Amino acid sequence: TKPVRKSICRQFREFYDVLHQPAAARFGLASFLLASISLVVNNAGPNSYAKWFEMSALQNGIDNVTSNLLMALCIYYFRRNWLGISWRKGYALGTLLMQLLSLVYIVTVYCDWARNGWWIVFVDQDSELAYSITYFLGIVIIPEVTTPGLEGITYGAMTTLHNCGNAVSNVISNNLLPIYN
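Just so you know, these numbers come straight off a predicted model, no measurement behind them. (Residues numbered from 1 in each chain as written. Predicted model: local features only at pLDDT ≥ 70, side-chain atom pairs only at ≥ 80, totals over all residues. Heavy atoms only, no water.)

Caption draft 1: Layout of the pattern of salt bridges. Overall, the coordinates contain three salt bridges when judged by the stated rule. Among the salt bridges present, the one from Arg 10 reaches Glu 14, with a minimum N-O distance of 3.6 Å. Within this pair, Arg 10 and its partner Glu 14 are both found in helix H1 (residues 8–19), separated by four residues, close to a single helical turn. Taking relative accessible area as the criterion, Arg 10 reaches 46% and is therefore assigned partly exposed. Taking relative accessible area as the criterion, Glu 14 reaches 17% and is therefore assigned buried. (Salt bridge = Lys/Arg side-chain N within 4 Å of Asp/Glu carboxyl O. Helix = DSSP H or I, 4+ residues; strand = E, 2+ residues; numbered from the N terminus. Buried < 20%, exposed > 50% of the residue type's maximum accessible area, 1.4 Å probe, protein only.)

Caption draft 2: Expanded view of the environment of Pro 46. In this fold, Pro 46 is placed in helix H2 (residues 22–52). Since its relative accessible area comes to 45%, Pro 46 is described here as partly exposed. With eleven residues separating them in the primary sequence, Pro 46 and Ala 57 have C-alpha atoms 9.9 Å apart.

Caption draft 3: Layout of the packing of aromatic side chains. For the structure on display, the rule yields two aromatic pairs. Relative to Trp 119, the ring of Trp 113 has its centre 5.1 Å away and its plane inclined at 85°; by these criteria the two rings are edge-to-face. Look at Trp 119 and Phe 122: their rings are 5.7 Å apart centre to centre, the planes differ by 45°, and that puts the pair in the tilted class. In this pair, Trp 119 and Phe 122 are both assigned in helix H6 (residues 117–145), three residues apart and thus about one turn of the helix distant. An aromatic cluster is built from Trp 113, Trp 119 and Phe 122, whose rings are joined through pairwise contacts. (Phe/Tyr/Trp six-rings, centres within 6.5 Å; stacked < 30°, edge-to-face > 60°.)

Caption draft 4: Summary view of helix H3 (residues 57–81). Taking 1.5 Å per residue as the helical rise, H3 with its 25 residues ought to reach 36 Å, and the 36 Å between its terminal C-alpha atoms agrees with that figure. Within the span of H3, buried status applies to Gln 59, Asp 63, Ser 67, Met 71, Cys 74 and Phe 78. (Expected span 1.5 Å × (residues − 1).)

Caption draft 5: Seen up close, a nonpolar patch on the surface. A contiguous nonpolar patch, built from Leu 96, Leu 100, Leu 103, Ile 106, Val 109 and Tyr 110 and spanning about 640 Å² of accessible area, is present on the exposed surface. Contributions of two or more residues to the nonpolar patch are made by helix H4 (87–102) and helix H5 (107–110). The class of Tyr 110 is exposed, set by a relative accessible area of 67%. (Patch = residues over 30% accessible without salt bridge, like charges linked within 9 Å, V, L, I, M, F, W, Y side chains within 5 Å. Areas by Shrake-Rupley, 256 points an atom, 1.4 Å probe, with all protein chains shown as cover.)

Shown next as structure tokens:
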């Protein structure tokens, strides 16, 4: 017996229905807003670190390597130990943690000892941990908010929506970066 093929119009209609589910819409909006806001820090980071904290190329390299290593380790840990948790609670926790840990940068304003490159290397790792939570859960969410057979296109749509936040963060960054020159 041959599998029954759905018409392309029917498949697009099912995909449209998936994207209009409340969970998918909330996840897409949250992902877009997080990318729009949090990536401004990433874009402005190297310029502000070099100017304000006299961060060396070595410190910047260590920061980048440890951030990527930490993200890989976190995703491995979450995959092994977090698959049974509620993704809604985990995503909310990761989002809240990412924003709260970003507030640690305020210490640099009030404490002279925190105005150095090594402090920034440490603080970036905290933010990377929280970002790893939201990234991992973003991958786990897709199969739960879509219908069988539409997982790939839904993941692509959510990833595209998240990446559209990059354009917004670039506009904000381009307006902020001239103060660092």
